[in-house]
Amino acid sequence: MIYFPGFNVSFSINPIAGKIFGIAIYHYAICIILAIVVAVVLCYKSKEKFQIKFDFILETLMFAIMWGFVGARIYYVLFHVSEYSSLAKILQIRDGGLALYGGLIAGGIVILKRCRKYKIDVLDFLDAIIPFIAIAQSIGRWGNFFNQEAYGTETDNVFRMGIQTLEGYKEVHPAFLYESFATFLLFILLKILQKNRKFKGEIFYVYLFFYSSVRMLIEGIRVDSLMFYQFRISQILSGAIFVISGIMLLNNIQKLMFNHKNRSKMLKKVYKKVP
């Protein structure tokens, strides 16, 4: 049972949605599949963005998603080695155990290699698809709700979530909900920016900048963060991405402003010469 005392609502949650031919189907998996389907459908409706064929986008996304799952699992297992004593346990992903950053890294490598192979500008490609990555994250995070994971420290704010833990009943930050809401807002922002892109990589850098800042804050309250000694891995990685993407944004904005000033000066000179 999951409670939201601030809104006086409760949910009776079973991680298993049902069975097909005796095989358990988890809500977590349904959320992930729904996230992928919604992202692909929205991407199709926005096809031919930045002169990139949808067939290439779809094929590349399928490879990226496939390897993304592998990367997400490897990333998670690396920081929980003691829990996985056999290959069979590593391959058992139906109960969760995927790390988002691992998936993004693996998927990013696939995208980079395919764009180079087919001579597609990787920044154009990323600008075309990144809003749909954000909406997929927003939907996929609800898998954590059904698994009762990715929650934070105890709190008494209005959004608090009541759950039963090994230590008893607790009211905690629904960290998954915060991230789901933030990435949905980010999706809207990116779609607006996509309509009038000022420079290559703008949409991608904005995504990295805002998502990493949100993730840094959320990781600070999560109780199940991947740790390296006393350090939260995702928080460190988010901090590095925040700084790098911020520098890239500032650098491109400065170039844009410099070019704009130069064009203005040239136009003034032309106007002066006109009799």
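Above this note sits the structure.
Residues numbered from 1 in each chain as written. Predicted model: local features only at pLDDT ≥ 70, side-chain atom pairs only at ≥ 80, totals over all residues. Heavy atoms only, no water.

Caption draft 1: Representation of the pattern of salt bridges. Tallying each qualifying case throughout the model produces 11 salt bridges. Arg197 serves as the salt-bridge partner of Asp127, at 2.8 Å between the closest nitrogen and oxygen. Taken together, the positions of Asp127 in helix H5 (residues 122-140) and Arg197 in the loop between helix H7 (175-194) and helix H8 (202-219) put the pair 70 residues apart, joining distant regions of the chain. Its relative accessible area of 0% is what places Asp127 among the buried residues. For the salt bridge of Glu219 with Arg222, the shortest nitrogen-to-oxygen distance reads 3.6 Å. Residue Glu219 shares its accessibility class with Arg222, and that shared class is buried. Shared partners join several salt bridges into a network, and the residues in it are Asp121, Asp124, Asp127, Arg197 and Lys200. (Salt bridge = Lys/Arg side-chain N within 4 Å of Asp/Glu carboxyl O. Helix = DSSP H or I, 4+ residues; strand = E, 2+ residues; numbered from the N terminus. Buried < 20%, exposed > 50% of the residue type's maximum accessible area, 1.4 Å probe, protein only.)

Caption draft 2: Structural view of the packing of aromatic side chains. Across all of its chains, the model carries 17 aromatic pairs by this definition. Relative to Phe187, the ring of Phe184 lies with its centre 6.4 Å away and its plane at 40°, an arrangement referred to as tilted. In this pair, Phe184 and Phe187 both sit in helix H7, three residues apart, roughly one turn of the helix. The class of Phe184 is partly exposed, set by a relative accessible area of 37%. Look at Phe187 and you get buried, because its relative accessible area is 13%. Considering the side-chain rings of Phe204 and Tyr205, the 5.9 Å spacing of their centres and the 45° angle between planes classify their relative orientation as tilted. Exposure remark for Tyr205: the relative accessible area of 10% places this residue in the buried category. (Phe/Tyr/Trp six-rings, centres within 6.5 Å; stacked < 30°, edge-to-face > 60°.)

Caption draft 3: The pairing of strand E3 (residues 16-20), seen in detail. As paired elements, E3 and strand E4 (residues 23-26) share four bridges and run antiparallel to each other. Bridge pairing links Ile20 to Ile23 in E4. Where E3 hands over to E4, the hairpin turn is made up of two residues, of which Phe21 adopts a positive phi near 55°. (Pairing = 2+ DSSP bridges.)

Caption draft 4: Summary view of a nonpolar patch on the surface. A cluster of nonpolar side chains, contributed by Phe63, Met66, Trp67, Val70, Ile74 and Leu78, occupies part of the molecular surface with about 580 Å² of accessible area. With respect to the secondary-structure elements, Leu78 resides in helix H2 (residues 54-78). Classification of Leu78 as exposed rests on a relative accessible area of 57%. (Patch = residues over 30% accessible without salt bridge, like charges linked within 9 Å, V, L, I, M, F, W, Y side chains within 5 Å. Areas by Shrake-Rupley, 256 points an atom, 1.4 Å probe, with all protein chains shown as cover.)

Caption draft 5: Broad picture of the environment of Ala88. Along the chain, the position of Ala88 falls in helix H3 (residues 87-91). Given a relative accessible area of 57%, Ala88 falls into the exposed group. Separated by 99 residues in the primary sequence, Ala88 and Phe187 place their C-alpha atoms 37 Å from one another.

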